[in-house]
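The primary structure of each chain is shown beneath.
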Amino acid sequence: MAAALKFGVALSFQVHRGLGEPWDKSYREGIELASEANRLGFDSIWASEHHGEADGYCPSPIVACAALAVAAPRCRIGQAVALAPLHGHPLRLAEDLSVLDNLSGGRVEIGLGQGYRPAEFEMFGWPYGKRTTAFEESLDILGLAWRGERFDYEGRVYKVKAGLLRPPPIKPGPLPLWIGAAAPKARARAVRYRAGLLVAPLIELAHLERQIRSFDDEVARQNAGALPHALMREVLVGDSPADAIKRHQPYLDHVYRVQYAPERTGQTFIDPATGERKPLTGDNPHYLSEAFMQDRWFLGTPADIAAKMVDWLPRFALEHLIFQARQPGMSLRHAVDDLEAVAKDVLPVVRAGLPPA
């Protein structure tokens, strides 16, 4: 492993309206979960972002992170991920992140992406086709702002005249930066900006190994030293893999048939009849089957989960492993029970079983 592996939890603050959840429930319970994660010894907490979603998916992760930082004073606090082009001017984004860093005592991890849903950009009157340029200029401006000196910037989308970031982050220099980068061009961009690679939950573990190798090859090609990896997964606890699926099925159906439906996220699969990679649809029997989940996630008893992590995680040289703390519709008691099972029966086994840092 490149560094001692840190375990984190992710919060999207979604609600399950079909189960009658009020909008504020996920925020109230999310803060409680953050406090529990802090108590149980998790290392980090991450908030994610989408806009205009029927389930109330958090549109303001930095605001949420400020509350999480207070609730979990021993945890790193990050975004996985914030959509940089939809945060207004990048210098304002730098200010918000720097205030968060000061509020948290220097515990911020920045996770950014360019976005992939056209409707979110249309909501804000933003031309979707300019998102990549806007994202790269945002990264330019953030990098200049972290220097703590006045600067000018003349971009195609953004301009800065005598910009100055005050307050600066607690520790001089850039804050830890993570970028979601599924495509080769995106990985090259992440390396160019010296960002760590943050991988979403839906890529198969075997494909993930190839993607991380591709990222590391690009790091070497750009002579970027060493850049870290973070992995988001689902961790589903039960008396067996089948029981774990049954206990989480109503919540998984909402997350992965509505919010991250395969038609919406562009998922693909290998057709066993032909060996070809084809588009995946929600009505495909393979989708959300036990085989589908075993290809991607960790599920079953704590012993099952720990054994699979010890087998797979050394292949990825991870700095962070992050999993969902509460899926929409799940009771707070269920979520806390799962956190406790992972903290007490999975993490010690995995930490003891991984190669030394």
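Higher on the page you've got the structure.
Keep in mind it's a predicted model, so treat the numbers as computed, not measured.

Observations regarding the overall build of the chain
Per the secondary structure count, the chain includes 13 helices and 15 strands. Seen through its C-alpha atoms, the chain measures out along the principal axes to roughly 60 × 50 × 45 Å. Within the chain, the fraction of its 357 residues that count as buried is 56%. Long-range contacts, defined here as pairs at least 24 residues apart, represent 72% of the contacts in the chain between residues at least 6 apart. On the chain, roughly 15000 Å² of surface is accessible, and the fraction owed to carbon and sulfur atoms is 55%. Taking the average location of the 41 positive side-chain charges in the chain and that of its 43 negative ones, the two points are 5 Å from each other.

Brief notes about the packing of aromatic side chains
Tallied over the entire structure, the rule returns 10 aromatic pairs. Geometrically, the ring pair formed by W46 and W178 is edge-to-face, given 6.5 Å between the ring centres and 80° between the ring planes. Pair noted here: W46 is in strand β2 (residues 44-47) and W178 is in strand β8 (residues 177-180), with a separation of 132 residues, a long-range link. The residues W46 and W178 share a single accessibility class, namely buried.

What to know about the pairing of strand β5 (residues 108-113)
Buried residues dominate β5, accounting for 6 of its 6 residues. Burial along β5 is two-sided: the residues V108, I110 and L112 and E109, G111 and G113 are all buried. Of the pairings in the sheet, the one linking strand β3 (residues 76-79) to β5 comprises 2 bridges and is parallel in character. When the bridges of β5 are listed, G78 appears paired with E109. Alignment of strand β4 (residues 82-83) against β5, held across 2 bridges, turns out to be parallel. Paired with L83 across the two strands is G113, which belongs to β5. Tracing the backbone out of β4, into helix α3 (residues 90-104) and back to the parallel element β5 gives a crossover that is right-handed. Note that β5 and β8 share 3 bridges and pair parallel. Residue pairing across strands places G111 opposite W178, the latter belonging to β8.

With respect to unusual backbone geometry
Note the cis peptide between A80 and V81, where omega equals -5°. A cis amide bond links R166 to the next residue, P167, at an omega of 0°. By the element assignment, P167 lies in the loop between β7 (159-163) and β8. In this model, F13 sits at a positive phi of 60°, which is unusual for a non-glycine residue. One can find F13 in the loop between β1 (6-11) and α1 (25-40). The backbone of A162 sits at a positive phi, close to 55°, despite the residue not being glycine. Along the polypeptide, A162 turns up in strand β7.

Overview of the pattern of salt bridges
All told, the structure shown has 23 salt bridges when counted by the stated rule. Among the salt bridges present, the one from K278 reaches D271, with a minimum N-O distance of 2.7 Å. On the basis of relative accessible area, K278 is assigned to the partly exposed category, the value being 28%. Beyond isolated ion pairs, a larger network of salt bridges with shared partners links E21, K25, E29 and R326.

Some details on the nonpolar core
In terms of nonpolar packing, the biggest core is built from 103 residues, with F42, I45, L112, M309, L313 and F316 touching the most fellow members. For this core, the element with the most residues is helix α5 (residues 131-146), which contributes 8 residues. Core analysis: the next-biggest nonpolar cluster, separate from the first, contains 17 residues, L202, L236, V255 and Y256 among them.

Considering the packing of α1 against helix α2 (residues 61-71)
Running from N to C, α1 and α2 point in directions that differ by 40°, and their axes come no closer than 8 Å. The orientation of α1 with respect to α2, classified from their angle, is oblique. Here α1 runs over α2; the crossing is right-handed. Across the interface between the two elements, G30, I31, A34, S35 and N38 from α1 touch A67, L68 and A71 from α2. Along the lines of polarity and charge, the residues of the contact of α1 with α2 split into 5 nonpolar, 3 polar and no charged.

Reading the values: rules and limits
- Residues numbered from 1 in each chain as written.
- Predicted model: local features only at pLDDT ≥ 70, side-chain atom pairs only at ≥ 80, totals over all residues.
- Heavy atoms only, no water.
- Helix = DSSP H or I, 4+ residues; strand = E, 2+ residues; numbered from the N terminus.
- Buried < 20%, exposed > 50% of the residue type's maximum accessible area, 1.4 Å probe, protein only.
- Contact = heavy atoms within 4.5 Å.
- Areas by Shrake-Rupley, 256 points an atom, 1.4 Å probe, with all protein chains shown as cover.
- Lys, Arg positive; Asp, Glu negative; His and termini not counted.
- Charge placed at Lys NZ, Arg CZ, Asp CG, Glu CD.
- Phe/Tyr/Trp six-rings, centres within 6.5 Å; stacked < 30°, edge-to-face > 60°.
- Pairing = 2+ DSSP bridges.
- Right-handed = clockwise from strand over helix to strand, strands pointing away.
- Salt bridge = Lys/Arg side-chain N within 4 Å of Asp/Glu carboxyl O.
- Core = buried A, V, L, I, M, F, W, Y, C linked by side-chain atoms within 4.5 Å.
- Axes fitted to C-alpha atoms, helices over the stretch in contact; angles between N-to-C directions.
- Parallel < 35°, antiparallel > 145°, perpendicular 65-115°, else oblique.
- Left-handed = near helix turned anticlockwise from the far one by under 90°.
- Nonpolar A, V, L, I, M, F, W, Y, C, P; charged D, E, K, R; others polar.

Just distances and angles here, no functional claims.
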